[in-house]
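A closer look at the structure
Letter by letter, the chains look like this.
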Amino acid sequence: MSTDERNTTGGSRAAASTTPRPYWIGLGLMVMGAVWLYNAFGLPQGARYATVGPGLFVTVAGGALLLLGALLMVQIWRGETFEAQDAEDADGATKMDRRAFLTALVAVALPIVTMGPLGMPFTATLSFVLVANAFGSRRWYLDLVYGAILASGSWFLFHQLGLQLGRFFPPLGV
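Residues numbered from 1 in each chain as written. Predicted model: local features only at pLDDT ≥ 70, side-chain atom pairs only at ≥ 80, totals over all residues. Heavy atoms only, no water.

For the rest of this paragraph, the subject is the packing of aromatic side chains. In total, this model carries five aromatic pairs according to the counting rule given. The interplanar angle of 85° and the centroid separation of 5.1 Å between the aromatic rings of Trp155 and Phe156 together place this pair among those described as edge-to-face. Residue Trp155 is classed as buried on the basis of its relative accessible area, which comes to 8%. Among the aromatic residues, ring-to-ring pairing joins Trp155, Phe156 and Phe168 into one connected group. (Phe/Tyr/Trp six-rings, centres within 6.5 Å; stacked < 30°, edge-to-face > 60°. Buried < 20%, exposed > 50% of the residue type's maximum accessible area, 1.4 Å probe, protein only.)

A word on helix H2 (residues 23-40). Taking 1.5 Å of rise per residue, 18 residues should cover 26 Å, and H2 covers 26 Å from first to last C-alpha, within 8% of that figure. Those residues of H2 that fall on the buried side of the exposure criterion are Gly26, Gly33, Leu37 and Ala40. The buried residues of H2 occupy an angular sector of 60° when projected down its axis, which confines them to one face. Opposite the buried face of H2, at more than 90 degrees from it, the exposed residues are Trp24, Val31 and Tyr38. (Helix = DSSP H or I, 4+ residues; strand = E, 2+ residues; numbered from the N terminus. Expected span 1.5 Å × (residues − 1). Arc of directions from axis to C-beta.)

The subject of this paragraph is the confidence of the model for the chain. Averaged over every residue, the pLDDT of the chain is 83; the share at 70 or more is 80%. Looking across the chain, the model is least confident in helix H1 (residues 3-18), with a mean pLDDT of 47, and most confident in helix H5 (residues 120-134), with 95. Within the model, the stretch residues 1-15 combines pLDDT values under 50 with one contact to residues more than four positions away or in other chains. (pLDDT = per-residue confidence, 0-100. Contact = heavy atoms within 4.5 Å.)

For the pair helix H4 (residues 98-118) and H5, interaxial distance at closest approach is 8 Å and the crossing angle is 175°. On the basis of the axis angle, H4 is roughly antiparallel to H5. Contacts from Arg99, Ala100, Thr103, Ala104, Val106, Ala107, Leu110, Pro111, Thr114, Met115 and Leu118 in H4 reach Met120, Phe122, Thr123, Leu126, Ser127, Leu130, Val131, Asn133 and Ala134 in H5. Grouping the amino acids of the contact of H4 with H5 by side-chain chemistry returns 14 nonpolar, five polar and one charged. (Axes fitted to C-alpha atoms, helices over the stretch in contact; angles between N-to-C directions. Parallel < 35°, antiparallel > 145°, perpendicular 65-115°, else oblique. Nonpolar A, V, L, I, M, F, W, Y, C, P; charged D, E, K, R; others polar.)

Before going further, it helps to spend a moment on a nonpolar patch on the surface. A cluster of nonpolar side chains, Leu157, Phe158, Leu161, Leu163 and Leu165, forms an exposed patch at the surface whose accessible area comes to about 460 Å². Here Phe158 lies in helix H6 (residues 140-160). (Patch = residues over 30% accessible without salt bridge, like charges linked within 9 Å, V, L, I, M, F, W, Y side chains within 5 Å. Areas by Shrake-Rupley, 256 points an atom, 1.4 Å probe, with all protein chains shown as cover. Salt bridge = Lys/Arg side-chain N within 4 Å of Asp/Glu carboxyl O.)

All right, on to the environment of Thr114 then. Residue placement: Thr114 occurs in helix H4. Separated by 12 residues in sequence, Thr114 and Leu126 have C-alpha atoms that sit 9.7 Å apart. Aside from chain neighbours lying at most four places away, what touches Thr114 is Gly119 and Thr123. Reaching out from Thr114, the side chain makes a polar contact with the backbone oxygen of Leu110 at a distance of 3.0 Å. (Polar contact = N/O pair within 3.5 Å; in protein donor to acceptor, adjacent residues only side chain to side chain.)

This is the structure we're talking about:
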């Protein structure tokens, strides 16, 4: 091995070791898992009418998040690099579309504010329209119709099953 090869190899190792490693991603997953587990212990793990209660699924999801976060941190510690990859029809070098991301984020956060005062079907319809827009749909009127049909149908189905999702549209007293 020549001196140039040793310098090149040593230089690349030094450069790789000085780049910051994204441990925060693994820590974030583990914190999210811990929050899920903390809240899961407040839910019943079993139910009177079924063996499986609502707390079981939250507990499993929280445990999985903890495990995946730990595995991710091990991969980062071992030097695994995480680089953008080309997907089926996307270029890995393309920048993130911030408008689409923020639109989808608003669609996810919208139920926190509107579910109580506006009801589940109206809130789900608005979220459907926003997510469809984030994915590139420009036919908001069709998205509104499809979202309303899906949300109303879901509400009526759950209502028939005896699950309480609140009133259909509280501002009208329905």
